[in-house]
Amino acid sequence: MNISTFSEEALSRSFGIDVSSVDTGAAGDIGVGAAWGRVAPGVRSLTHQHDETETWVIVAGSGELTVDGERYPVSAGSVVRFDPFETHYVTNTGETDLLLVSFFWRDGERAAEAATRPVRRGFGRRPVFVFSSAPTPNGDLHLGHLAGPFFAADAYTRFQRMNGVDAWHLCGSDDFQNYVVAAAEREGRTPAGTAAHYSGRIRETLRAMDIEVHQYTATSADESYPDALRAFFTRLVTSEQVRWEEADALFDPVTGKYLYEAGVTGGCPSCGELTGGNICEGCREPNSVADLVDPVSTASGTAPREGTVKRYSLALHEFAGSVREHHRRGRVPSSVKELAARVFRRERVDVPLTHPAEWGVAPDEGGSEGQVIWSWIDYAFSILHGISSLGRAAGEDWRSDEPRADWKIVHFLGADGSFFHPIVIPALYRAAHPGWEPDIDYHLNEFYLLQHSKFSTSRRHAVWGRDVLGPDTVDAVRLYLALTRPEGRRTNYDPGEFDAFVAGRLATQWQGWLADLGERIERRYGGKAPDAGVWTPEHTAFLARLTERLAALTHSLGPDGFSLNRAAETLLGLVDDAREFSRREAPAADLDPWHDEARTAVALELAAARLLATCGSPVMPRFAAALAGALGEPPATQWPRSVRLVPPGTAIGLAGHVFFGEKTRSEESADSPLLPWLSAVVREVLRLAPDEPVRDRSLADLGMESIQAVALQYQLTDRLGADVPLASLLSQDVAGLAASLARDLPADVVREHAEVVA
């Protein structure tokens, strides 16, 4: 026998509490590790998770245990078991020490099962709010935008819902950015008109991309928003870390206008790269604007005048510990943790909360006249407001002024938001709601390049979503963006490579396999799914391979390992496997002695198609629904737990069904009044015969070279007033280009050029 006794002298700090090991002699007989833990009154342990199974026995005291966002009271006599990877911490809410003994052991199979579970971390029992970073309504969405947060959030939410999770996709437009003011001045609109115009176009583009949004908040158009934002700001002001104080600032030397964000450029004081005010897209670090190197006012093109301004600011450096603790709670990329460490090495980090400006929501606090709440603070609140608005529509009591511990928030954002989203916003929540500990996952993407240069709304270097998205192209665009989106590194979009991908992988390989499978079923089995017969080792190996593909897709779309790159690669690999399996089985397929083996092979190919229709749904919803219909089933609503055969006797409609191939002519393209005029101009630029067919051919296919593309671009600008990026010119067929021009141009301009041809 061996007796181990609790000793205060043996305690040391670990996991944020006092811990000491239990004598190994006492623990060894039962095959587990053991430790004492003491939590002083008012203290909480660090948030953590581990691979061991662990059991706590509460010996004395009382407190509150939080596990994956759910809180439980514990006291002397409570026994708690933690499964592997459950996120947990304990808070002593009593007036005496909380004393516990912990027993823990490793079970590899149990840990592996927990790690591969499609629903874990409490996702199945609490609401999950998935946010795609709110776009600034100073332009429409291009493929760089769509490849980033919006598409990823949509696929993520679709997968969660297929697994029974109460998941919602929320988005909106960040209307009060001063970039909206810059666009308004450039285009001759009011800021409100600019925000409304582009917010509407953003929603249209999201719909064209088949991105489902369950709550969309346009902040300048929501009548309840300003007062709710002011109330949130007042909560911030009551925090001792928020101060009204003098700060260095820059002003335009001509107009005297206060400069920030889009109003000023200069060298980043941290990395030296050219940047705008307040944040550097290069190193992701903040600047105070006044510390920019060789700053230039955007409006006047001259060096700003230095001065000071009184404004509200947040002492972010005082939240270093709570931000680190926040990063232990959810999925946070290491790059964010490194950025936080870099930022918090500074002696002070003061983040402005208000700026002198006209566009925005003015705070209620006296003395701040002429200032507005900065759009980033506005955005932090818009997240809570969006949840509250969604709750009203869904009949749920979700309130922005009382955020709940069980809310799971998931953010999809560009890496240039690494400072504000996962570092500043948690500090704001801590200041406004000290009792709330938000549980947030962060999924970051890098920049998506267009022909190796950054997409740019202002420079019109972009492929606009509305120019390439349609019912017949949206799934191809979604799959290609999933395959090439910039996860952890910058990646590149090339219109020619996209066209080759669609023609080679989808129109030839995917369409070819499905059409051939349908024809074989028509010919051999009268258009009905055969029942599996005799199984060969090759058959069982293929079933095992499909099972591996299902596991890989489950992991790549799940909350821990989410990656659309891997999901797309696996979907492509699934079809590659099926085509290779079909090729290998073909030699004996029509030999009568091997009839029973041949029908097993076809049944397995149908199982692969069924798996594609089900698991492809989050990435390619239209295609998946169409494929399911061709297999005699409704669109998938549940994620599969295993590979299943299509029920024997099911009518199969694959033969003659075109999923990918020649683009169907849309009504809009066929009826575009600009098509005759544009066709004539294209023939003129390319020196083609007057009767040369151009309607359904892209300019690249017609042999247009860069100098000719520039010439056509000039004609469109000169004669129509249309500013069409080169990439959009080269990637569309002539009918599609005519339709997009007719849609975007004033009706009188379209009519004038249609009448010229007539």
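No experiment lies behind these values; they were computed from the predicted model shown.

> Can you lay out the environment of Trp359 for me, pointing to particular residues and giving the numbers?
With respect to the secondary-structure elements, Trp359 resides in the loop between strand E19 (354-356) and strand E20 (371-373). With 118 residues separating them along the chain, Trp359 and Gln241 place their C-alpha atoms 26 Å apart. The contact partners of Trp359, leaving out residues within four places of it in the chain, are Asp175, Phe176, Gln177, Val180, Val181, Pro191, Ala192, Ser220 and Val372.

> Tell me about the packing of helix H7 (residues 320-329) against helix H10 (residues 420-432), residues and numbers included.
The N-to-C vectors of H7 and H10 enclose an angle of 110°; their axes lie 9 Å apart at closest approach. In terms of orientation, H7 lies roughly perpendicular with respect to H10. Between H7 and H10, the residues in contact are Ser322, Val323, His326 and His327 and Pro422, Ile423, Pro426, Ala427 and Arg430, respectively. Class assignment for the residues of the contact of H7 with H10 results in 5 nonpolar, 3 polar and 1 charged.

> Just give me the short version of the packing of aromatic side chains, but keep the residues and values in it.
Under the defined criterion, the tally for this structure stands at 32 aromatic pairs. For the ring pair Tyr225 and Phe381, a centre distance of 5.7 Å and an interplane angle of 45° mean the geometry is tilted. Pair noted here: Tyr225 is in helix H6 (residues 225-237) and Phe381 is in helix H9 (residues 375-394), with a separation of 156 residues, a long-range link. Owing to a relative accessible area of 0%, Tyr225 belongs among the buried residues under this scheme. Ring plane angle 75° and centroid distance 5.8 Å describe the contact between Tyr480 and Tyr493, whose orientation is recorded as edge-to-face. Of this pair, Tyr480 sits in helix H12 (residues 474-484) while Tyr493 sits in strand E25 (residues 491-493), and the two are 13 residues apart along the sequence. Just as Tyr480 is buried, Tyr493 falls in that class too. Geometry around Tyr89 places Arg44 over its ring, the cationic atom sitting 3.6 Å from the centre.

> Any chance you could break down unusual backbone geometry for me, citing the residues and the numbers?
Although it is not a glycine, Arg121 sits at a positive phi angle of roughly 55°. By secondary structure assignment, the location of Arg121 is in the loop between helix H2 (108-116) and strand E10 (128-132). Its relative accessible area of 8% is what places Arg121 among the buried residues. Its identity as a non-glycine residue notwithstanding, Val289 has a phi of 75°, on the positive side. Along the chain, Val289 turns up in the loop between strand E15 (274-276) and strand E16 (293-297). Looking at Val289, the relative accessible area reads 4%, which means it is buried.

> Explain the side chain of Thr354 to me, using residue names and the numbers behind them.
In this fold, Thr354 is placed in strand E19. The class for Thr354 is buried, based on a relative accessible area of 0%. A polar contact of 3.1 Å, which involves the side chain of Thr354, links it to the backbone nitrogen of Tyr312. A polar contact is formed between the side chain of Thr354 and the side chain of Gln371, at a distance of 2.5 Å.

> Could you give an account of the side chain of Gln160, with specific residues and numbers?
In this fold, Gln160 is placed in helix H3 (residues 143-162). Those residues in contact with Gln160 that sit more than four places away from it in its chain are Phe123, Val165, Ala167 and Pro559.

> Give a description of helix H19 (residues 675-686) that names residues and reports values.
Look at H19: 16 Å from first C-alpha to last across 12 residues, which is about the 16 Å you get at 1.5 Å a residue. All of the buried residues in H19 are Leu675, Trp677, Leu678, Ser679, Val681, Val682, Arg683, Val685 and Leu686.

> So, the nonpolar core: which residues are in play, and what are the values?
Counting 94 residues, the largest nonpolar core has Leu479, Trp510 and Leu654 as its most contacted members. Looking at which element gives the most residues to this core, the answer is helix H16 (residues 595-615), with 12 residues. If you look at the next biggest cluster of nonpolar residues, it comprises 73 residues, including Leu250, Tyr260, Leu292 and Tyr442.

> Would you mind going over the state of the cysteines in detail, with residue names and values included?
All chains considered together, the criterion is met by 0 disulfides. A disulfide-free cysteine, Cys268 has its sulfur positioned 3.7 Å from the sulfur of Cys283, the nearest such atom. Taking the relative accessible area as the measure of exposure, Cys268 reaches 2% and is therefore buried. You can call Cys283 buried: its relative accessible area is 12%.

> For the pattern of salt bridges, give the residues involved together with the corresponding values.
Within this structure, the stated rule accounts for 54 salt bridges. Glu70 is paired through a salt bridge with Arg125; the nearest N and O atoms lie 2.7 Å apart. Separated by 55 residues along the polypeptide, Glu70 in strand E6 (residues 70-75) and Arg125 in the loop between H2 and E10 bring together distant segments of the chain. Classification of Glu70 as partly exposed rests on a relative accessible area of 30%. Several salt bridges converge on common partners, so that one network encompasses Arg120, Arg121, Arg126, Lys408, Asp439, Asp441 and Asp560.

> With reference to specific residues and values, describe the pairing of strand E17 (residues 305-315).
With 10 bridges joining them, strand E13 (residues 242-251) and E17 adopt antiparallel strand pairing. Paired with Ala247 across the bridge in E17 is Val309. Direction of pairing for E17 relative to strand E18 (residues 350-352): antiparallel, over a ladder of 3 bridges. Looking across to E18, one finds that Ala315 is bridged to Asp350.

> For the sheet that holds E18, give the residues involved together with the corresponding values.
Strands sit in the order E13-E17-E18 across an open sheet of 3 strands; the sheet is antiparallel. Each edge of the open sheet carries a strand with a single partner, namely E13 and E18. Averaged over all adjacent pairs, the angle separating strand axes in this sheet is 55°, with direction ignored.

> I'd like a rundown of the sheet that holds strand E23 (residues 448-450), residues and numbers included.
The mixed open sheet is built from 3 strands, whose spatial order is E24-E23-E25. Because the sheet does not close on itself, it has two edges, and the strands there are strand E24 (453-454) and E25. Relative to E24, E23 runs antiparallel, the two sharing 2 bridges. Along E24, the bridge assignment pairs Leu450 with Ser453.

> How would you summarise H9 if you had to cite specific residues and measurements?
With 20 residues, H9 extends 27 Å between its outermost C-alpha atoms, agreeing within 8% with the 28 Å of an ideal straight helix rising 1.5 Å per residue. Burial analysis of H9 places 17 of its 20 residues in the buried class, which makes it a mostly covered element. Once H9 ends, the next one or two residues include Gly395, with phi positive near 75°.

Reading the values: rules and limits
- Residues numbered from 1 in each chain as written.
- Predicted model: local features only at pLDDT ≥ 70, side-chain atom pairs only at ≥ 80, totals over all residues.
- Heavy atoms only, no water.
- Helix = DSSP H or I, 4+ residues; strand = E, 2+ residues; numbered from the N terminus.
- Contact = heavy atoms within 4.5 Å.
- Axes fitted to C-alpha atoms, helices over the stretch in contact; angles between N-to-C directions.
- Parallel < 35°, antiparallel > 145°, perpendicular 65-115°, else oblique.
- Nonpolar A, V, L, I, M, F, W, Y, C, P; charged D, E, K, R; others polar.
- Phe/Tyr/Trp six-rings, centres within 6.5 Å; stacked < 30°, edge-to-face > 60°.
- Buried < 20%, exposed > 50% of the residue type's maximum accessible area, 1.4 Å probe, protein only.
- Lys NZ or Arg CZ within 6 Å of the ring centre and 35° of its normal.
- Polar contact = N/O pair within 3.5 Å; in protein donor to acceptor, adjacent residues only side chain to side chain.
- Expected span 1.5 Å × (residues − 1).
- Core = buried A, V, L, I, M, F, W, Y, C linked by side-chain atoms within 4.5 Å.
- Disulfide = S-S within 2.5 Å.
- Salt bridge = Lys/Arg side-chain N within 4 Å of Asp/Glu carboxyl O.
- Pairing = 2+ DSSP bridges.

In short, shape yes, function no, at least from these values alone.
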